[in-house]
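# Examining the three-dimensional arrangement
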Protein chains: 2
Amino acid sequence: MTRISATDRRSALVRSALVVVAARGVAQATTRAIVAEAGMSLASFHYAFNSRDELIAELVGYVVDREATAILLEEVDADLDHGTHDDHWERPILAQVLRSGMIRYLEHVRADPMHEKAMLELTQYALRDPGLEHLARAQYRRYHALAAEALATAASRSGTVWRLPVADVSRLLVALTDGLTLTWLVDRDDLAAMQLIDFSANSLAALAEPA
Amino acid sequence: MTRISATDRRSALVRSALVVVAARGVAQATTRAIVAEAGMSLASFHYAFNSRDELIAELVGYVVDREATAILLEEVDADLDHGTHDDHWERPILAQVLRSGMIRYLEHVRADPMHEKAMLELTQYALRDPGLEHLARAQYRRYHALAAEALATAASRSGTVWRLPVADVSRLLVALTDGLTLTWLVDRDDLAAMQLIDFSANSLAALAEPA
DNA sequence: GTCTATAAAGTGATAGAC
DNA sequence: GTCTATCACTTTATAGAC
């Protein structure tokens, strides 16, 4: 009926695909399920995309951006909150900074668990497809870069410096975050998650020293 | 041709299913692919199982047992190796015991990465199926119990005691192991994996004190 | 019990009218 | 551009011969 540009239709389909993947998994994200979610006809799908594989590839690329910006925006918000009151002489303890950062991440996962599950599945899916494998690696490079930035900020804010390259520490943080996500998704144990966060924050903080 | 008991056929199909899942993923583990791997006809499948879902359910239950016993056997082997020479007065450092245990686990993953990937996918799959969800949880309870046993052994061998309940420490170890597995499967970075192992071993060891 | 053949339902993709 | 209708194929599952 109404004319929609091909690019608009593509992004609409990608967003709908993410909804379907989150709700039912990658295997159940059929072209029919996706167009139903988007309120389009099946033919419109193939007008916008050459194949389902093409959409899945774009979806993987899309979620990498989305995840990165989502976490980044939360960081910025937290920074702004922090900046509203005068803390000129107050130096937060590094472990506390890391702890609150990881709690923010956990809240992010708790707010939309199925989305996080979709991220995991899409990574695993990409890892199986030779043509999509590089996207999975790109996703993790993004995570590492994001973690490195957060760790650098945390250190400078708490007046400390990392005793080993921040890139190395960031890999630890990403692995800890993965473990946190995976175990929480399985048993939804908030208490255990908080214990893991405390442990992670304290253990990582031990890798820094006063500036 | 040759008559095979239904139970034998079931277990043969389950083993073949695991091979297919490891090689091509859960979604591609079709009944046809599984019977081809097992060298059976399609009809034999439905003679042994009522449905594909029934096989997948049994597969999930099967891998839980298999993974547990596999890691446990490695532990026993390691214990035997350790017992061959006289170490009556030698007390290994806890961090070293944990480190070598995690290295053994990493070797286990490196020896058959696709099997480990299959385990991950089956857990995620079970988590989506309301009827299979409990199996995913059971799998992790098993992991936790296994980790708790290993941690208790490690502490007593090194003459230390855990400063918090071993069940809590075991959850940390499982999460660390998950993070190790996930990140290694993505980038296959052995050096980063070793750094994570060192970090984990040292950080966990800090949670114990001399007996 | 084990097979071949086929049914029944779902899938990705396309043709062709408008 | 967008639709309905349909093709070609794959999937799970079953029927029926042996």
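Throughout this description, residue numbers start from 1 for each chain and increase along the sequence as written. Each chain is given a letter, starting from A, and each ligand a number, starting from 1, according to the order in which they appear as written. Residue-level local features of this predicted model are given only where pLDDT is at least 70; pairs of side-chain atoms are given and counted only at 80 or more, and the full residue set underlies all totals for whole chains, interfaces and linings. Where side-chain values are given, they derive from all heavy atoms of the structure, hydrogens and water being excluded.

### What to know about the packing of helix 5 (residues 94–111) of chain A against helix 8 (residues 166–187) of chain A
Residues and elements named next belong to chain A. Put simply, the rule is: Here an angle of 0 to 180 degrees is reported between the N-to-C directions of two axes, which are lines fitted to C-alpha atoms, with helices fitted over the stretch in contact. Think of it this way: any DSSP run of H or I at least four residues long counts as a helix, any run of E at least two long counts as a strand, and we number them from the N terminus. Helix crossings fall into two classes, left-handed where the near helix is turned counterclockwise from the far one by less than a right angle and right-handed where it is turned clockwise. Note on definitions: a residue-residue contact is assigned when non-hydrogen atoms from the two residues lie within 4.5 Å. Under this grouping Gly is polar, as are all residues other than the nonpolar Ala, Val, Leu, Ile, Met, Phe, Trp, Tyr, Cys and Pro and the charged Asp, Glu, Lys and Arg.
Contact geometry for helix 5 and helix 8: axes closest at 11 Å, N-to-C directions at 35°. For the pair helix 5 and helix 8, the crossing hand works out as right-handed. Contacts from Met102, Tyr105, Leu106, Val109 and Arg110 in helix 5 reach Leu173, Thr177, Leu180, Thr181 and Trp184 in helix 8. By residue class, the composition of the contact of helix 5 with helix 8 is seven nonpolar, two polar and one charged.

### Considering unusual backbone geometry
For the record, the criterion: For every residue, the accessible area obtained with a 1.4 Å probe (protein chains only) is divided by the maximum for its type, and the residue is called buried under 20%, exposed over 50%, and partly exposed between those limits.
Its identity is not glycine, yet A:Arg188 carries a phi of approximately 50°, on the positive side. We classify A:Arg188 as partly exposed; its relative accessible area is 35%.

### Considering the packing of aromatic side chains
All names here are of chain A. Rule in force here: In summary, the pairing rule links any two rings of Phe, Tyr or Trp, Trp by its six-membered ring, whose centres are within 6.5 Å, and it sorts them by plane angle into stacked for under 30 degrees, edge-to-face for over 60 and tilted for everything else.
The full count for this structure, using the stated rule, is four aromatic pairs over all chains. Measuring from centroid to centroid gives 5.2 Å for Tyr140 and Tyr143, while their planes differ by 65°, and the two rings are edge-to-face. Of this pair, Tyr140 and Tyr143 both sit in helix 7 (residues 133–157), three residues apart, roughly one helical turn. Judged on exposure class, the residue Tyr140 and its partner Tyr143 are both buried.

### Observations regarding the interface of chain B and chain A
It is common to give the size of an interface as the accessible area that goes away when the parts come together. Selection rule: Buried area: the sum, over both parts, of the accessible surface (1.4 Å probe) that disappears when the two are put together. A side-chain nitrogen of Lys or Arg and a carboxyl oxygen of Asp or Glu constitute a salt bridge if their distance falls within 4 Å. Under this definition, polar contacts are N or O atom pairs within 3.5 Å; protein pairs additionally need one hydrogen-donor-capable and one acceptor-capable atom, and for neighbouring residues in sequence, both atoms have to be side-chain atoms.
Counting from both sides, the interface comprises 39 residues of chain B and, opposite them, 39 residues of chain A. Summing both sides of the interface, chain B and chain A together bury roughly 3300 Å²; the carbon and sulfur share of this comes to 64%. The largest contributions to the chain B side of the interface with chain A come from B:Arg128, B:Val186 and B:Phe199, which together make up 23% of the buried area. Summed over the shared surface of chain B and chain A, the number is six salt bridges. The closest approach of N and O atoms between A:Arg128 and B:Glu121, which form a salt bridge, is 2.9 Å. Along the contact surface separating chain B from chain A lie 14 residue pairs in polar contact (both at pLDDT 80 or more). Counting only elements with at least two residues in the side of chain B that touches chain A, the list comes to helix 1 (6–24), helix 6 (113–128), helix 7 (133–157), helix 8 (166–187) and helix 9 (190–205) of chain B.

### Topic: the domain arrangement of chain A
All names here are of chain A. Here is the rule: An automatic or database domain assignment is the source of the domain bounds shown.
Segmentation of chain A into domains returns domain 1 (1–49) and domain 2 (55–210). Its C-alpha centre places domain 1 at a distance of 30 Å from the equivalent point of domain 2. Of the residues lining the interface, 13 residues belong to domain 1; the matching set on domain 2 comes to twelve residues. Between domain 1 and domain 2 the total buried area reaches about 1100 Å² when both faces are included, carbon and sulfur atoms providing 81% of it. Taken as a group, Val14, Leu18 and Val26 account for 49% of the area that domain 1 buries against domain 2, more than any other trio of residues on that side. With its nearest N and O atoms 2.7 Å apart, the salt bridge here joins Glu58 to Arg10. Linking domain 1 with domain 2 are one residue pair in polar contact (both at pLDDT 80 or more). Sorting elements by how many residues they give to the side of domain 1 that touches domain 2 places helix 1 (residues 6–24) first, with eight residues. Here the side of domain 1 that touches domain 2 is composed, by residue class, of ten nonpolar, one polar and two charged.

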